[in-house]
Amino acid sequence: MKKTAIFPGSFDPYTNGHHDIVMRGLDIFDEIVISIGYNSSKKSRYFDIDLMVKKIESVYKDTPNVKVVVYNELTSNLAKKHEANFLIRGLRNTTDFEYENTISQMNRFLNENLETVFLITSPQYAAVSSTVIREVHRYGGNVSEFLPYEV
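Here the structure is a predicted model, which means the values were calculated and not measured.

In total, this model carries six aromatic pairs according to the counting rule given. Residues phenylalanine 7 and phenylalanine 11 carry aromatic rings whose centres are separated by 5.1 Å and whose planes lie at 65° to one another, so their mutual orientation is edge-to-face. Looking at phenylalanine 7, the relative accessible area reads 2%, which means it is buried. For phenylalanine 11, a relative accessible area of 3% translates into the label buried. A ring pair is formed by tyrosine 46 and phenylalanine 47, whose centres lie 4.8 Å apart and whose planes are at 85°; its orientation type is edge-to-face. By the ring-pair criterion, three or more aromatic residues cluster together here, those being Phe7, Phe11, Tyr14 and Tyr60.

See below:
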């Protein structure tokens, strides 16, 4: 049976840390669907969602078992649509775990076949977040070292 994982997030922007999770996830899963969601708690995006789709697709242009989709629904329902029984999430610290654990419990309640798999962030990416990258970029700082594509 094919093992498909959804990798959900706002990816505003998609970072080298995210890329690392996908590449390591490919050792576990047959297919990963990077799913860019609209986060209802965030008023607006910094990086345009269509731009982010193009940038992420360019990173995986030679990796056919990675897809990129945009969604605006429950992640548990998106997983059903893609016949995915796994969610993949990266954890940088205990704060991430507390947040992600709550979400994984709800996703499991909504879709009993959905298992969340947590990967610990590689040490070189643990201190980097999309929020920090947005702030550095907003004020003209160079963020190229933190992204797997050019902005």
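What follows concerns helix α4 (residues 94-110). Between its first and last C-alpha atoms α4 spans 24 Å; for 17 residues at 1.5 Å apiece the expected length is 24 Å, and the two agree. Within the span of α4, buried status applies to Asp96, Glu100, Ser104 and Asn107. The secondary structure elements touched by the buried residues of α4 are α3 (75-81), β4 (86-91) and β5 (115-120).

With that settled, consider helix α5 (residues 130-138). Among the residues making up α5, those that are buried are Ser130, Ile133 and Arg134. Seen from one end, α5 has its buried residues packed into an arc of 100°, which puts them on one side. Those residues of α5 that are buried lie in contact with α1 (16-25). Just downstream of α5 lies glycine 140, where phi reads positive at about 85°.

What counts, and where the lines are drawn
- Residues numbered from 1 in each chain as written.
- Predicted model: local features only at pLDDT ≥ 70, side-chain atom pairs only at ≥ 80, totals over all residues.
- Heavy atoms only, no water.
- Phe/Tyr/Trp six-rings, centres within 6.5 Å; stacked < 30°, edge-to-face > 60°.
- Buried < 20%, exposed > 50% of the residue type's maximum accessible area, 1.4 Å probe, protein only.
- Helix = DSSP H or I, 4+ residues; strand = E, 2+ residues; numbered from the N terminus.
- Expected span 1.5 Å × (residues − 1).
- Contact = heavy atoms within 4.5 Å.
- Arc of directions from axis to C-beta.

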